[in-house]
Amino acid sequence: MTQDELKQAVARAARDYVADRLPIGGILGVGTGSTANFFIDEIAAIKDRLGGTVASSEVTAQRLRGHGIRVLDLNDVDAMGIYVDGADEIDASMAMVKGGGGALTREKIVAAVAETFVCICDASKRVPVMGRFPLPVEVIPMSRAHVGRELAKLGGTPKLRDGFVTDNGNLILDVHGLSITDPVGLEDRINQIVGVVTNGLFARRGADVLLLATEDGVRTFSR
Ligand code: 5RP
């Protein structure tokens, strides 16, 4: 199977998961990225069951609207049953590195509101120790150099994501060379650096369910 076929398979499984578990009229959080895009295309078929969606990025909001799917402001939502999103890496504790698409801050906010975070990815994303994928850190522009020096003290090599501005008007530093053996501790330490908006470690609020696309079918893991 190609990687796109795996993404398509897991997107379909996530659509079925939502159709089975989200009450009719419930609110669905929708993530960002190529796997999330397949998912958006799949949920067009069940849009009439949804009370609405909350998008984790402008690009996701546009794609949802393109399918005629209602997009709500998170501030107008009291509760969200399920949030479905991809990941760049996920470990056995269901901690993730996210933000390859630069939407990490909004993703973390939506994830904080959701009752159940469903991570969808192909088997290549499941790793014993995270860090091979550079860890994205969103920073306030004037703090870029300061945050970079502090990240270097933690053992990483930060690189500015060239020409990229987040939906929130900020910059991304991609931190290379980390071996993330303590995801919760590192998430907390990076959050302490002044000028950091969010880091791409989703360890304190990891996934509750993982739908993993493999050559043998989609496997389900729960926390
Ligand atoms: C975007 C993300 C994505 O979920 C992550 O980058 C995975 O993307 P893809 O499904 O394209 O591999 O965190 O900010």
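Above this text is the structure in question.
So, a few notes on the structure that sits alongside this text. (Residues numbered from 1 in each chain as written. Predicted model: local features only at pLDDT ≥ 70, side-chain atom pairs only at ≥ 80, totals over all residues. Heavy atoms only, no water.)

### As for the pairing of strand β9 (residues 171-176)
Sheet faces and side chains relate simply in a regular strand, where the side chains alternate between the two faces.
Then, number 1: Burial analysis of β9 places 5 of its 6 residues in the buried class, the great majority of the element.
Then, number 2: Direction of pairing for strand β8 (residues 157-160) relative to β9: antiparallel, over a ladder of 4 bridges. If you follow L160 over to β9, its bridge partner there is L173. (Buried < 20%, exposed > 50% of the residue type's maximum accessible area, 1.4 Å probe, protein only. Helix = DSSP H or I, 4+ residues; strand = E, 2+ residues; numbered from the N terminus. Pairing = 2+ DSSP bridges.)

### Thoughts on the site of the ligand
Then, number 1: Residues in contact with the ligand amount to 16 residues; listed here are only the nearest, S34, T35, D88, G99 and K125.
Then, number 2: Separating an oxygen atom of the ligand from a backbone N or O atom of G86 is a distance of 3.3 Å.
Then, number 3: Contact distances for the ligand include 3.2 Å between an oxygen atom and a backbone N or O atom of G101.
Then, number 4: Alone, the ligand offers 380 Å² of accessible surface; in the complex the protein occludes 90% of this.
Then, number 5: Of the residues contributing to the shell around the ligand, the split by class is 2 nonpolar, 9 polar and 5 charged. (Near = heavy atom within 4 Å. Polar contact = N/O pair within 3.5 Å; in protein donor to acceptor, adjacent residues only side chain to side chain. Areas by Shrake-Rupley, 256 points an atom, 1.4 Å probe, with all protein chains shown as cover. Nonpolar A, V, L, I, M, F, W, Y, C, P; charged D, E, K, R; others polar.)

### Points about unusual backbone geometry
Then, number 1: Residues other than glycine seldom take positive phi values, yet M94 does so here, at roughly 75°.
Then, number 2: Mapping M94 onto the fold places it in the loop between β4 (89-90) and β5 (96-97).
Then, number 3: Taking relative accessible area as the criterion, M94 reaches 5% and is therefore assigned buried.

### Focus: the sheet that holds β4
The strands that make up a sheet pair up through hydrogen bonds in the backbone, lying either parallel or antiparallel.
Then, number 1: Read from one edge of the open sheet, 3 strands run β4-β5-β11, paired in antiparallel fashion. What marks the edges here is a single partner per strand, and that holds for β4 and β11 (201-202).
Then, number 2: Both β5 and β11 contribute to a ladder of 2 bridges, which runs antiparallel. What sits directly across from V97, in β11, is L201.

### A word on a nonpolar patch on the surface
Then, number 1: On the surface, a nonpolar cluster with roughly 310 Å² of combined accessible area is contributed by I140, M142 and V197.
Then, number 2: Relative to the elements of secondary structure, V197 occurs in strand β10 (residues 196-199).
Then, number 3: Take V197: its relative accessible area is 33%, and that puts it in the partly exposed class. (Patch = residues over 30% accessible without salt bridge, like charges linked within 9 Å, V, L, I, M, F, W, Y side chains within 5 Å. Salt bridge = Lys/Arg side-chain N within 4 Å of Asp/Glu carboxyl O.)

### Re helix α1 (residues 3-21)
Then, number 1: When the terminal C-alpha atoms of α1 are compared, their 27 Å separation across 19 residues agrees well with the 27 Å that a helix rising 1.5 Å per residue should span.
Then, number 2: Taken together, the buried positions of α1 are L6, K7, V10, A11, A14, R15, Y17, V18 and A19.
Then, number 3: Elements that come into contact with the buried residues of α1 comprise β1 (27-30), α2 (34-43), β3 (80-85), β6 (114-122), β12 (209-214) and β13 (217-222). (Expected span 1.5 Å × (residues − 1). Contact = heavy atoms within 4.5 Å.)

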